[in-house]
Amino acid sequence: MKIRLLVAAVLSLGIATSVPVLAEATSKGSPRAVAKQEVLLARVTPEYWRVTFHNPPFNIFGPESIGQLNEAITAIERDPKVKVVVFDSDVPNFFLTHYDFVPPLTDTTSLPNGPTGLPPLPDMLVRLSKAPVVSIASIRGRATGVGSELALASDMRFASREKALLSQWEIGAALVPGGGPMARLPSLMGRGRALEVLLTGNDIDAELAERYGYVNRALPDAELDRFVDAMARRIARFDKQAIRDIKHLVDVVSLPSDEQIGAGWEGFISSVQRPQAQQRIKQLMERGLQKNADVEKRLADYTGTLGDSAK
């Protein structure tokens, strides 16, 4: 694959938007839409929903994921009864990972930006943070790139002590992260620790993530599901207007502005056009990115060995 196609795939995020491709909204008899179902929405009760990422083997986030995630977030925004939503994964070792570098530009370039005016990914993350519903990320496995950014956009984050890994890997590929971690991490963990996460691209295990404020708590893996489910059910019993008002007042003093999130996206778009980024993505693809489980599981190790041959 030519590196310009990889960059085109990344750039396509900047002008893509979402289309309804959840199971209940797939196009007429389209076997491809059914086969590619990656975001599963389950209504545990009318007040408590779960959104499960299901794109084995690595839960890579791509053009089809954008539309499906948008459908879920739109449903969360519009439903008058839902009060809490849990994001999780049913793919072993992976919560949600980086963007898919394989699809051609035409898969995502024909549709406009989202309701906030931002491109689809930052648009959805901003809307999730501001939705009048409590969002909880239950992290088991790797949350890298988009996975980390979705977790940060959620209201709370709980991680498996034995199995969770979080990271913003982009620096290793000469990229600027595009989903808002520069705007969100400093308020959670302080400037120095945020820069440590962003400028090393290293994996952060659950215990360190808890200590830094990256997640609310690190829990034994055997207790994670039970703990998150109990919290979600407790919140689901409370008054929705009170939930909405409390969350809004916290948002006012804690959330970055849309402009700050948008500035990060602009930095990402600029970075992917640089030859250094193109060269490093090419090197990663040649070493097995998106194909080799060892590369996806040890992405920080692989990015740390890349050469900077493009000057």
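Q: Would you mind going over the sheet that holds strand β5 (residues 134–139) in detail, with residue names and values included?
A: Spatially, the six strands line up as an open sheet ordered β1-β2-β3-β5-β7-β10, and their pairing is mixed. The sheet is open, and its two edges are formed by β1 (39–45) and β10 (217–219), each paired on a single side. Across the sheet, the mean angle from the axis of one strand to that of its neighbour is 20°, orientation sign disregarded. Both β1 and strand β2 (residues 48–53) contribute to a ladder of six bridges, which runs antiparallel. Counterpart to V39 in the pairing with β2 is F53.

Q: Give me the lowdown on the confidence of the model for the protein, citing residues and values where you can.
A: This prediction gives the protein a mean pLDDT of 87; 85% of its residues lie at or above 70. Here residues 1–35 is a poorly scored stretch, pLDDT under 50, and it has 84 contacts once near neighbours within four places are set aside; other chains count.

Q: Give me unusual backbone geometry: which residues, what numbers.
A: For the peptide bond that leads from P56 to P57, omega is 10°, which places it in the cis range. Mapped onto the fold, P57 is located in the loop between β2 and α3 (63–78). Residues other than glycine seldom take positive phi values, yet Q290 does so here, at roughly 75°. If you trace the backbone, Q290 turns up in the loop between α12 (275–287) and α13 (293–297).

Q: Help me get a handle on the environment of F227, residues and values and all.
A: Locating F227 in the fold gives a position in helix α9 (residues 221–236). Here the alpha-carbon distance between F227 and S138, two residues 89 residues apart in the chain, equals 9.8 Å. Not counting residues up to four positions away in its chain, the partners in contact with F227 are F158, R217 and L219.

Q: Tell me about the packing of helix α4 (residues 120–130) against helix α11 (residues 258–272), and please be specific about residues and values.
A: Interaxial distance between α4 and α11 falls to 10 Å at its minimum, and their mutual angle equals 150°. Relative to α11, the element α4 is oriented roughly antiparallel. Viewed along their axes, α4 and α11 form a crossing whose handedness is right-handed. Along its contact with α4, which presents L121, P122, V126 and K130, the element α11 presents D258, I261 and W265. Partitioned by chemical class, the residues of the contact of α4 with α11 number five nonpolar, no polar and two charged.

Reading the values: the criteria
Residues numbered from 1 in each chain as written. Predicted model: local features only at pLDDT ≥ 70, side-chain atom pairs only at ≥ 80, totals over all residues. Heavy atoms only, no water. Pairing = 2+ DSSP bridges. Helix = DSSP H or I, 4+ residues; strand = E, 2+ residues; numbered from the N terminus. Axes fitted to C-alpha atoms, helices over the stretch in contact; angles between N-to-C directions. pLDDT = per-residue confidence, 0-100. Contact = heavy atoms within 4.5 Å. Parallel < 35°, antiparallel > 145°, perpendicular 65-115°, else oblique. Left-handed = near helix turned anticlockwise from the far one by under 90°. Nonpolar A, V, L, I, M, F, W, Y, C, P; charged D, E, K, R; others polar.

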